[in-house]
Amino acid sequence: MPIVLTPYWSNGVQKLKMAPMPPPRPKHGLTPPTLDDEVHAARCMQQLRSKDKDIEKYIYLSMLKEQDHHMFYRLCLQHMSEFTPIIYTPTVGQACQEYSHNYRRPEGLFVSIKDKGKIKSVLRAWPKIDEARISVVTDGSRILGLGDLGINGMPISIGKLSLYVAGAGIRPESTIPICLDFGTNTQKYLDDPLYLGLRKKRVATTEMTEFMDEFMLEMSVAFPKLLVQFEDFSTDHAFLYLERYRNQYPVFNDDIQGTGAVVLSGFINAARLSSAASGRPLTSHRVLFFGAGSAGVGVAMQLMSFFTLEGLSEQEARERIWLVDSQGLVYTARGELAEHKRYFARRDYTGPPIKDLLDVLEYVKPTALMGLSTTSGAFTQAAIQTMAALNPLPIIFPLSNPVALSECTFADAVRHTDGKVLFASGSPFHALPWQGTTRYPGQGNNMYIFPGLGLGAILARCASVTDAMVEASSLGLANSLTPEEVEMGLLYPQIERIREISAQIAVAVIRAAQEAAVDRHTDLRAMSDKELLAFVNGKMWNPSVRPALSTLAERADGVLLSQY
Ligand SMILES: NC(=O)C1=CN([C@@H]2O[C@H](COP(=O)(O)OP(=O)(O)OC[C@H]3O[C@@H](n4cnc5c(N)ncnc54)[C@H](O)[C@@H]3O)[C@@H](O)[C@H]2O)C=CC1
Ligand SMILES: CC(=O)C(=O)O
Ligand SMILES: [Mg+2]
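All figures in this text were calculated on a predicted structure; none of them were measured in a lab.

S.K.: Outline the confidence of the model for the chain, listing residues and values.
M.R.: Taken as a whole, the chain shows an average pLDDT of 92; of its residues, 92% reach a score of 70 or greater. Every residue in residues 1–20 scores below 50 in pLDDT, and together they form 48 contacts with partners more than four places removed in sequence or on other chains. Scored below 50 in pLDDT, residues 22–26 makes ten contacts in the model with residues more than four places away or belonging to other chains. Both confidence scores are given for the complex: pTM 0.93, ipTM 0.98.

What follows is the structure, given as structure tokens:
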């Protein structure tokens, strides 16, 4: 019986197709006589660029990936900075919001609360069980900054995994996008006749946790070599499930740890420049987090290691950090605080709440302002100018996604600081001509981290993902800038170099895993760094370039056959 994977609520009989493999014998005549691979690559780019709307580009690339994943990944690697805003943030946000309307075919695994008690059989339906190495698992409850999208969160898992393939050479068939359906609290979707998920409110945490325990256990049995990346769980559950499973299974949370690592990396490079300009020591930096959810607190925790590596004690490091949430400055005397905010709550302030960002800036006098608040435009002209008045080179990172929720634009940050800002945003902005030069924005997005972190963890077959491995990924990224990139004023390397960077990160991660003895592939311990780098590079999957007409005919044959 063929394996049929349909969403559990669907009456359809669509098969889940892995990217089509060419059948053994090409049939001459199934492709036009002068079809050439190079020209076809140009044709695909022309088709992509002819679409007016970003969502149409997303749909086109999604079809290309399904029909010809070699061409998709080849073009993705060649045009990384053109592709990532389409297959990832910001357009993937729209793709999620419209998923139930634009849905064409299943591309991942859907596991719902109704499967509780029989999750094993759902996982067993996955066609490439032995190949599975990495899964991005979301429950759709906080997709980017867009809120609870329910089952419409599936494209975020798909998009992140495309970046694993492009950015770290993970084999496409080794990836499993998963969306867990616990219902949704977004009424708009519950009322939408086309909504693809369960038509019920989210279940309570107790029931969700029972499900998660079964899910994680069955995942480890069905896919023994699998690394799990939790993605875009709402903040309470993000912390809960990371802590619950991190010592039991190879798992990490991208929003807490991946984001922490990428921002630490950009901050290290920015802080060096800022301190050089101010003459103040690195340990004197004062970091204000505007937004205290999984991402804000995750980054704050990771930034602690910047200060401790510079010689501060844990207590001193913690005092370099301030949090602001929707109620203003976070401090213990304010009243009851959510668990994840308590560690950083200030104990040195007991006055009335400070709610306005300008007042907080005046009180804290930060050297760095981080936005993880999902609040578009929160860094106003006055706030940016205050940062510029406080610092010769202010560090301003509006990190909320997608681009429409960024706390400020790159242009505003440059203009209101008279070009002095050290900038990184979560979603991409264009470079800016500025006083006869060009200013380049950094993209402080976990997409720089998770491919290399995942690759390292997979190759070393880690039993768990330790804090030291995450920190190693961050330091690996911070040290990967070339002299040319430093000259250009970049805080992050150019995304076109992602494979090279991922390989370096993977080596650093494997070494950290070995030190913690969580590596199960212990043969790698004997390798020199050079040998290990060569090993990592040798393991990367590469899309093939196939100039021969016969191979193109095979491909067309595969596509045609897969349609009937
Ligand atoms: N650049 C990157 O790589 C990443 C960026 N993010 C982005 O970070 C954002 C936040 O994600 P989470 O922490 O998981 O969300 P969350 O919803 O848990 O946290 C948002 C925080 O912002 C605060 N907030 C909301 N409105 C505010 C206001 N008007 N003033 C001050 N604070 C306000 C909330 O109180 C809360 O503490 C999202 O937009 C997400 O896309 C998340 C992960 C990675
Ligand atoms: C980038 C990312 O993981 C987020 O915005 O949630
Ligand atoms: Mg995320």
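This is not the end of the story, as more comes after the structure.
S.K.: Any chance you could break down helix α16 (residues 357–364) for me, citing the residues and the numbers?
M.R.: Side chains three or four residues apart in an α-helix point the same way, a direct result of the helix having 3.6 residues per turn. Those residues of α16 that sit buried are Leu357, Val360, Leu361 and Val364. For α16, the angular spread of the buried residues around the axis is 100°, confining them to a single face. Against the buried residues of α16 lie β6 (287–290), β7 (321–325), β8 (328–329), β9 (368–371) and α17 (381–390). N-capping of α16 is provided by Asp356, with a side-chain oxygen placed 2.9 Å from the backbone N of Leu358. Just past α16, the residue Lys365 takes up positive phi, approximately 50°.

S.K.: So what's going on with the sheet that holds strand β14 (residues 442–443)? Residues and values would help.
M.R.: Across the sheet, which stays open at both edges, the seven strands sit in the order β8-β7-β6-β9-β10-β11-β14 with mixed pairing between neighbours. Every other strand in the sheet has two partners, leaving β8 and β14 as the edge strands with one partner each. Of the pairings in the sheet, the one linking β6 to β7 comprises four bridges and is parallel in character. Bridge pairing in β7 places Phe290 opposite Val324.

S.K.: Which residues make up the site of ligand 1, and what values do they have?
M.R.: In the vicinity of ligand 1 lie 25 residues, with Arg142, Thr235, Ala292, Ser294 and Gly444 positioned nearest. Between ligand 1 and Leu399 there is a distance of 3.1 Å, counted from a nitrogen atom to a backbone nitrogen or oxygen. The backbone of Gly444 places a nitrogen or oxygen atom 2.9 Å from a nitrogen atom of ligand 1. At the level of secondary structure, the elements contributing two or more residues to the shell around ligand 1 comprise α12 (254–278) and α13 (294–309). Grouping the amino acids of the shell around ligand 1 by side-chain chemistry returns six nonpolar, 16 polar and three charged.

S.K.: So, the pairing of strand β10 (residues 395–398): which residues are in play, and what are the values?
M.R.: Judged by which residues are buried, β10 turns out to be covered on both faces: Ile395 and Phe397 on one side and Ile396 and Pro398 on the other are all buried. The pairing of β9 with β10 spans four bridges and is parallel. The residue of β10 that forms the bridge with Gly371 is Pro398. In this fold, β9 hands off to α17, which returns the chain to β10; that crossover is right-handed. Direction of pairing for β10 relative to strand β11 (residues 422–425): parallel, over a ladder of two bridges. Along β11, the bridge assignment pairs Ile396 with Phe423.

S.K.: Could you give an account of the site of ligand 2, with specific residues and numbers?
M.R.: Near ligand 2, the surroundings consist of Tyr88, Arg142, Leu144, Lys160, Glu231, Asp232, Asp254, Asp255, Asn401, Asn445 and Asn446. Arg142 places a polar side-chain atom, nitrogen or oxygen, 2.9 Å from an oxygen atom of ligand 2. For ligand 2, whose accessible area on its own is 210 Å², the fraction buried by protein is 91%. In terms of residue class, the shell around ligand 2 is made up of two nonpolar, three polar and six charged.

Cut-offs applied
Within each chain, residues carry numbers counting from 1 in the order of the written sequence. Labels follow written order: the first chain is A, the first ligand is 1, and so on. For a predicted model such as this one, the threshold for reporting local features is a pLDDT of at least 70, and the threshold for listing and counting side-chain atom pairs is 80 or more; totals across whole chains, interfaces and linings nevertheless cover every residue. To get the side-chain values, all heavy atoms of the structure are used, and hydrogens and water are removed first. Per-residue confidence from the prediction method is given by pLDDT, with values spanning 0 to 100. Contacts are assigned to residue pairs that have any heavy atoms within 4.5 Å of one another. Partly exposed describes any residue whose relative accessible area lies between the buried limit of under 20% and the exposed limit of over 50%, with all areas from a 1.4 Å probe on protein chains only and scaled to the type maximum. Helix and strand definitions here come from DSSP, where helices need a minimum of 4 consecutive H or I residues and strands a minimum of 2 consecutive E residues; each element is numbered from the N-terminal end. Arc definition: it is the arc formed by the directions from the helix axis to the C-beta atoms. Think of a polar contact as two N or O atoms within 3.5 Å of one another; within protein, one of them needs to be a possible hydrogen donor and the other a possible acceptor, and neighboring residues in sequence only count if both atoms come from side chains. Pairing between strands requires that DSSP locate at least two bridges from one strand to the other. The criterion for a residue being near a molecule or strand is simple. One of its heavy atoms has to lie within 4 Å of it. Gly falls in the polar group here, along with every residue not listed as nonpolar (Ala, Val, Leu, Ile, Met, Phe, Trp, Tyr, Cys, Pro) or charged (Asp, Glu, Lys, Arg). With strands facing away from the observer, any crossover in which the path from the first strand over the helix to the second runs clockwise is taken as right-handed. The Shrake-Rupley method, run with a 1.4 Å probe sphere, supplies the accessible areas, and residue values consider only the shown protein chains as cover.

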